[in-house]
Amino acid sequence: MTRDNWTDHAAISITVTDADGIITEMNPAAAAVFAADGGAGLVGSDVLACHPEPSRTKLASMFETHQPNHYTISKDGRKKIIHQIPLAKEGAFRGYVEISIPIPDHLPHFDRDRPGPPAGEVRRDPADSG
């Protein structure tokens, strides 16, 4: 019986590697993003071989230090936020998950550390011009 995984239907790209940097999983969105490079056929390949410099060196360092990495990009006219997060099981490093999420050009920011306005009052962030 085939399992219906929620990641197969999410409008975000998800790629998983093992601790050695071998791609072990790609959801359909990730396979589509990397279709020109082999798509789902990249499963089983070395993730470092898929990255040009200086990304390759940065990623290799991450596999040594097990540190997360977060950044935004613009590609094909779309802005995305990328999260590269280490995976662990029972305290042992198991690889990385890379999650790529499309974001709008203007992204509201809410400071949840500030107390909210009194009931019925709307407080706008001074940086929010729209």
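Participant: Would you mind showing me how to read the overall build of the protein chain here?
Facilitator: The helix and strand inventory of the protein chain stands at two helices and five strands. If you list the helices and strands of the protein chain from N to C, you get β-β-α-α-β-β-β. Here the protein chain holds 130 residues, and the buried ones make up 25% of them. For the protein chain, the proportion of contacts with a sequence separation of at least 24, taken over those separated by at least 6, is 31%.

Participant: Help me understand the sheet that holds strand β1 (residues 13-17) in this model?
Facilitator: Two strands in a sheet stick together by hydrogen bonds in their backbones, pointing the same way (parallel) or opposite ways (antiparallel). Reading across from one edge, β2-β1-β5-β4-β3 is the order of the five strands in this open sheet, with antiparallel pairing throughout. Because the sheet does not close on itself, it has two edges, and the strands there are β2 (23-26) and β3 (69-75). Strand-to-strand twist of the sheet, defined as the mean angle between neighbouring strand axes without regard to direction, takes the value 20°. Alignment of β3 against strand β4 (residues 78-89), held across seven bridges, turns out to be antiparallel. Counted as the bridge partner of Y71 is I82 from β4. Against the sheet, helix α2 (residues 55-65) touches β1, β3, β4 and β5 (92-103), its axis set at about 135° to β5.

Participant: Before we go on, may I ask you to explain the layout of surface pockets in this structure?
Facilitator: Estimates place the volume of the largest pocket at around 660 Å³. What lines the largest pocket is a set of 29 residues, and nearest its centre among them are F34, H51, Y71, Q84 and E98. Within the residue set of the lining of the largest pocket, elements represented by two or more residues are β1, β2, α2, β3, β4 and β5. Sort the elements by how many residues they give to the lining of the largest pocket and α2 lands first, with five residues. Taken together, the residues of the lining of the largest pocket break down into 16 nonpolar, eight polar and five charged.

Participant: Help me understand the side chain of Q84 in this model?
Facilitator: Position of Q84 relative to the elements: it lies in strand β4. For Q84, the side chain forms a polar contact with the side chain of N69, separated by 2.8 Å. Those residues in contact with Q84, other than ones at most four positions away along the chain, are L59, M62, P68, N69, Y71, Y96, V97 and E98.

Participant: Help me understand unusual backbone geometry, please; the structure alone is not making it clear to me.
Facilitator: Negative phi is the rule for most residues except glycine; trans is the rule for most peptide bonds. Backbone torsion omega between E53 and P54 reads 0°, so that peptide bond is classified as cis. Relative to the helices and strands, P54 is located in the loop between α1 (28-33) and α2. Located in the positive-phi region is H66, a residue other than glycine, with phi close to 65°. Take H66: it is sitting in the loop between α2 and β3. Take H66: its relative accessible area is 34%, and that puts it in the partly exposed class.

Participant: I'm lost on the nonpolar core in this one. Help?
Facilitator: What tends to happen in soluble globular proteins is that the nonpolar side chains get buried as a cluster. I23, M26, A30, L42, V47, L59, M62, F63, F93 and Y96 form the largest nonpolar core, which has ten residues in total. Elements supplying a minimum of two residues to this core: β2, α2 and β5. It is α2 that provides the largest number of residues to this core, a total of three residues. If you look at the next biggest cluster of nonpolar residues, it comprises five residues, including I12, I14, V16 and V97.

How each quantity is defined
- Residues numbered from 1 in each chain as written.
- Predicted model: local features only at pLDDT ≥ 70, side-chain atom pairs only at ≥ 80, totals over all residues.
- Heavy atoms only, no water.
- Helix = DSSP H or I, 4+ residues; strand = E, 2+ residues; numbered from the N terminus.
- Buried < 20%, exposed > 50% of the residue type's maximum accessible area, 1.4 Å probe, protein only.
- Contact = heavy atoms within 4.5 Å.
- Pairing = 2+ DSSP bridges.
- Axes fitted to C-alpha atoms, helices over the stretch in contact; angles between N-to-C directions.
- 1 Å grid on protein atoms, 1.4 Å probe; cavity = no way out; pocket = protein on both sides within 12 Å on 5 of 7 lines; lining within 4 Å.
- Points joined across faces, edges and corners; volume = space filled by probe spheres on them.
- Nonpolar A, V, L, I, M, F, W, Y, C, P; charged D, E, K, R; others polar.
- Polar contact = N/O pair within 3.5 Å; in protein donor to acceptor, adjacent residues only side chain to side chain.
- Core = buried A, V, L, I, M, F, W, Y, C linked by side-chain atoms within 4.5 Å.

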